[in-house]
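Here's the letter readout for the chains.
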Amino acid sequence: DFMPNESENVTTKFKVDVSDLKKNITAANNTIKLLNAEMKNISAGMEKGAETADTLAAKMQKQSQIVDAEKSKLNALKSQLQRLVQAQESGAGVVADLTSKYRQAAEQYGENSAEAKKYLQELNKAETAQDKNAAAIDRLNIQIVNQDTAVKNAAAQLDSYASALSSMNNDAIQAQDSAED
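Since the model is a prediction, treat every value here as computed from it, not as a measurement. (Residues numbered from 1 in each chain as written. Predicted model: local features only at pLDDT ≥ 70, side-chain atom pairs only at ≥ 80, totals over all residues. Heavy atoms only, no water.)

K.L.:
Lay out the packing of helix α1 (residues 19-42) against helix α2 (residues 53-109) with the relevant residues and their values.
P.N.:
One can describe the packing of α1 onto α2 by two numbers: an axis separation of 9 Å at closest approach and a directional angle of 165°. Taken as axis vectors, α1 and α2 run roughly antiparallel relative to one another. Handedness of the crossing formed by α1 with α2: left-handed. Of the residues belonging to the contact of α1 with α2, the class tally is 12 nonpolar, 10 polar and eight charged. (Axes fitted to C-alpha atoms, helices over the stretch in contact; angles between N-to-C directions. Helix = DSSP H or I, 4+ residues; strand = E, 2+ residues; numbered from the N terminus. Parallel < 35°, antiparallel > 145°, perpendicular 65-115°, else oblique. Left-handed = near helix turned anticlockwise from the far one by under 90°. Nonpolar A, V, L, I, M, F, W, Y, C, P; charged D, E, K, R; others polar.)

K.L.:
So what's going on with the environment of Lys73? Residues and values would help.
P.N.:
Here Lys73 lies in helix α2. In sequence terms Lys73 and Tyr161 are 88 residues apart; their C-alpha atoms lie 23 Å from each other. When sequence neighbours within four positions are dropped, the list of residues in contact with Lys73 reads Ile25, Ala28, Asn29, Ile32 and Gln147. Reaching out from Lys73, the side chain makes a polar contact with the side chain of Asn29 at a distance of 2.7 Å. A polar side-chain atom of Lys73 sits 3.5 Å from a polar atom in the side chain of Gln147. (Contact = heavy atoms within 4.5 Å. Polar contact = N/O pair within 3.5 Å; in protein donor to acceptor, adjacent residues only side chain to side chain.)

K.L.:
I'd like a rundown of the layout of surface pockets, residues and numbers included.
P.N.:
Considered as a void within the structure, the largest pocket measures approximately 200 Å³ in volume. In terms of lining residues, the largest pocket is bounded by Val16, Val18, Lys22, Ile25, Leu77, Gln80, Leu84, Asn133, Ala136, Arg139, Leu140 and Gln143. Looking at the lining of the largest pocket, the elements with two or more residues in it are α1, α2 and α3 (114-180). Considering each element in turn, the lining of the largest pocket owes the most residues, five residues, to α3. For the lining of the largest pocket, the class distribution of residues is seven nonpolar, three polar and two charged. (1 Å grid on protein atoms, 1.4 Å probe; cavity = no way out; pocket = protein on both sides within 12 Å on 5 of 7 lines; lining within 4 Å. Points joined across faces, edges and corners; volume = space filled by probe spheres on them.)

K.L.:
Summarise α1; cite the residues concerned and give the values.
P.N.:
With 24 residues, α1 extends 35 Å from end C-alpha to end C-alpha; this agrees with the ideal 34 Å at 1.5 Å per step. Every buried residue of α1 is listed here: Leu21, Ile25, Ala28, Ile32, Leu35 and Met39. Each element contacted by the buried residues of α1 is listed here: α2 and α3. (Expected span 1.5 Å × (residues − 1). Buried < 20%, exposed > 50% of the residue type's maximum accessible area, 1.4 Å probe, protein only.)

Function-wise, these values are silent; they only describe arrangement.
Below you can see the structure in the form of structure tokens.
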């Protein structure tokens, strides 16, 4: 008996639930927006170069939180990719199985038989789902590279604040030493 089970919907095997990860990404985006606003607020009304050690330390703290949020977003994207790749792998098995069943039904009952047509329809749905997952994987790979860049840029900004603070502290120590001489 080759007839596909009517209650079995093949395409549900290809659906990837990433709603929890999308919530994580949304939360990270909101955190980043808030932290960036708070960062602007730290130096609001200050002239460029008029930063104090306290404002630099405050900026470093916010920037460190931004780096963490950017990393959280990157990890959510990587998890999403992992789930899609797993769905793609199991989907390949479903496509192979349906292809085999379609060929058997076509041989036994003919290509125009109800059995063969049903398998062909399910096979077409499965292949379409595989194509959608493949496209989603391609988009995610690009998002991951872009997000990795955002993490690196945020970390570089943190390093520049740390360097500025270190330089400011060194200048203060040298000023103190020369005042003592």
